[in-house]
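# An overview of the molecular structure
Listed here are the chains, written in short residue letters.
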Amino acid sequence: MHKGLHAMCAVDVASGSATFRECHISSDAGIGIKVHSGASPTFVKCHVSYCKYEGVWIGDGSTGRVEESRLFSNYGANLHIESNAHPVVHRCKIFQSHSCGVRVTDKGKG
């Protein structure tokens, strides 16, 4: 199920520190949110669901924050952290994944 950096996505954050607030994100084609290349975005009170792969994929040395969000009903992990990524995940509800709720691999932290 995991496609990571090479998967299509609904939101692709490759640099900067944008803030997304109260968004509803899904993706029939791949990952809901992909954060990579050292980006540091903030997602607050977002709903990420019904994605073909991961709901949120954070990798490639990225940081950022996911706060008070709902990650659910994704076909891959609801949240996947890998490749030296180190995000802050705070007060989120993560449930009903078709794979696993949270997956941390390849020196991911958080």
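Higher on the page you've got the structure.
What comes next concerns the included structure.

About the thresholds
Residues numbered from 1 in each chain as written. Predicted model: local features only at pLDDT ≥ 70, side-chain atom pairs only at ≥ 80, totals over all residues. Heavy atoms only, no water. Pairing = 2+ DSSP bridges. Helix = DSSP H or I, 4+ residues; strand = E, 2+ residues; numbered from the N terminus. Axes fitted to C-alpha atoms, helices over the stretch in contact; angles between N-to-C directions. Buried < 20%, exposed > 50% of the residue type's maximum accessible area, 1.4 Å probe, protein only. Lys, Arg positive; Asp, Glu negative; His and termini not counted. Salt bridge = Lys/Arg side-chain N within 4 Å of Asp/Glu carboxyl O. Polar contact = N/O pair within 3.5 Å; in protein donor to acceptor, adjacent residues only side chain to side chain. Contact = heavy atoms within 4.5 Å.

### Here's the deal with the sheet that holds strand β2 (residues 19-21)
The strand order across the open sheet built from four strands is β2-β5-β8-β11, with neighbouring strands paired in parallel fashion. Looking along the sheet, the strands with just one partner apiece sit at the ends: β2 and β11 (88-90). If you compare each strand with its neighbour and ignore which way they point, the axes differ by 5° on average. Here strand β8 (residues 65-67) pairs with β11 via three bridges, running parallel. Across the sheet, residue valine 66 finds its bridge partner in β11, namely valine 89.

### Considerations on the side chain of lysine 34
Tracing the chain through its elements places lysine 34 in strand β4 (residues 31-35). For the buried residue lysine 34, which engages in no salt bridge, the nearest side chain bearing the opposite charge is aspartate 12, 4.3 Å off. Side-chain polar atoms of lysine 34 contact the backbone oxygen of alanine 7, separated by 2.7 Å. Not counting the four nearest positions on each side in its chain, lysine 34 is found in contact with Gly4, Leu5, Ala7, Cys9, Val11, Asp12, Val13 and Trp57.

### Considerations on the pattern of salt bridges
The final tally for this structure, using the stated rule, is one salt bridge. Measuring nitrogen to oxygen at the nearest pair gives 2.3 Å for the salt bridge that ties arginine 65 to glutamate 67. According to the relative accessible area criterion, glutamate 67 is buried, its value standing at 17%.

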